[in-house]
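# Structural description and commentary
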Amino acid sequence: MIAIVDYGIGNLGSIANMLKKVGAKCYFARSIIDIKKAEKIILPGVGHFSSGMKALQQSKLIPVIEDRIFNDNIPILGICLGMQLMSDSSEESNEKGLGWIPGKVKRFSNLYEDISIRVPHMGWNRVEAQKDSPLINDFEEKSKFYFVHSYYYECKNQKDVLLTTQYGVEFASAIQKGNIMGAQFHPEKSHKYGMKLMKNFSGLGN
Ligand SMILES: NC(=O)CC[C@H](N)C(=O)O
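Residues numbered from 1 in each chain as written. Predicted model: local features only at pLDDT ≥ 70, side-chain atom pairs only at ≥ 80, totals over all residues. Heavy atoms only, no water.

## Quick word on the packing of aromatic side chains
A complete count under the given rule lists 11 aromatic pairs for this structure. Ring centres 5.0 Å apart and planes at 35° place the aromatic pair phenylalanine 108 and tyrosine 152 in the tilted group. In this pair, phenylalanine 108 sits in the loop between β6 (103–107) and β7 (111–112) while tyrosine 152 sits in strand β12 (residues 151–155), placing the two residues 44 residues apart along the sequence. Classification of phenylalanine 108 by relative accessible area gives buried; the value is 2%. Accessibility expressed as a relative area gives 7% for tyrosine 152, which makes it buried. (Phe/Tyr/Trp six-rings, centres within 6.5 Å; stacked < 30°, edge-to-face > 60°. Helix = DSSP H or I, 4+ residues; strand = E, 2+ residues; numbered from the N terminus. Buried < 20%, exposed > 50% of the residue type's maximum accessible area, 1.4 Å probe, protein only.)

## Observations concerning the confidence of the model for the protein chain
Across the protein chain, pLDDT averages 97, with 100% of residues at or above 70. For this predicted complex, the interface score ipTM comes out at 0.97, alongside a pTM of 0.97. (pLDDT = per-residue confidence, 0-100.)

## Observations regarding the site of the ligand
The full set of residues close to the ligand is Val46, Gly47, Cys80, Gln84, Glu92, Val148, His149, Ser150 and Tyr151. Within the side chain of glutamate 92, an N or O atom sits 3.0 Å from a nitrogen atom of the ligand. In the environment of the ligand, an oxygen atom lies 2.9 Å from a nitrogen or oxygen atom belonging to the backbone of serine 150. Within the complex, 90% of the 300 Å² of free accessible area of the ligand lies under protein. A breakdown of the residues in the shell around the ligand according to their chemical character gives 4 nonpolar, 4 polar and 1 charged. (Near = heavy atom within 4 Å. Polar contact = N/O pair within 3.5 Å; in protein donor to acceptor, adjacent residues only side chain to side chain. Areas by Shrake-Rupley, 256 points an atom, 1.4 Å probe, with all protein chains shown as cover. Nonpolar A, V, L, I, M, F, W, Y, C, P; charged D, E, K, R; others polar.)

## With respect to the pattern of salt bridges
As a working rule, side chains carrying opposite charge can pair if their charged atoms are close by. Following the criterion strictly, the structure yields 7 salt bridges and no others. Salt-bridge contacts for arginine 30 lead to aspartate 6; the nearest nitrogen and oxygen are separated by 2.6 Å. In this pair, arginine 30 is assigned in the loop between β2 (26–29) and α2 (32–36) and aspartate 6 in the loop between β1 (2–5) and α1 (12–21), connecting sequence segments 24 residues apart. Measuring nitrogen to oxygen at the nearest pair gives 2.6 Å for the salt bridge that ties arginine 68 to aspartate 72. Taking relative accessible area as the criterion, arginine 68 reaches 10% and is therefore assigned buried. (Salt bridge = Lys/Arg side-chain N within 4 Å of Asp/Glu carboxyl O.)

Written out as structure tokens, the structure reads:
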């Protein structure tokens, strides 16, 4: 069963709906026991980095989540802000991140050399694979995903970058370090392309 961390942040309902569509069983995890019995974890997130980190700290779930992912090596997928919280820090906040995948979260500039862009990055965009992973198995060449964000993850180690997307700058649209994964886009809002990623995630470790 996939535990969707319920720490008061993120659109858990639409994530659960997409998981059900791909035949994956899931539940909302609000307690330490809920996390202890999880086979996989999804860390959702929408909004400000500070609010997300504070809410996650107040949930008291960080130690048990870290026990499961670092000692039991179960797969975890962070979505949007949930991915950004895995960083060391974010320009959006003075709060420290979880530090699970080395890197910092930076704000898009409105101007890159001679390219001016609107911030937030909002809408559909394509991705380019930077390495193989079961998470992106059978991706269509033209896979595209729905984004809504003003900040992006800059990985310290290039080998942790799974997918990149071009938006003024080429940024990490998905990251992976072993069993720890993150998607900057919203798979639950990305139709068949998001379903493919969620189906792949639900099949990990089975
Ligand atoms: N949609 C979101 O939750 C955005 C996350 C983060 N605040 C950003 O702007 O990048």
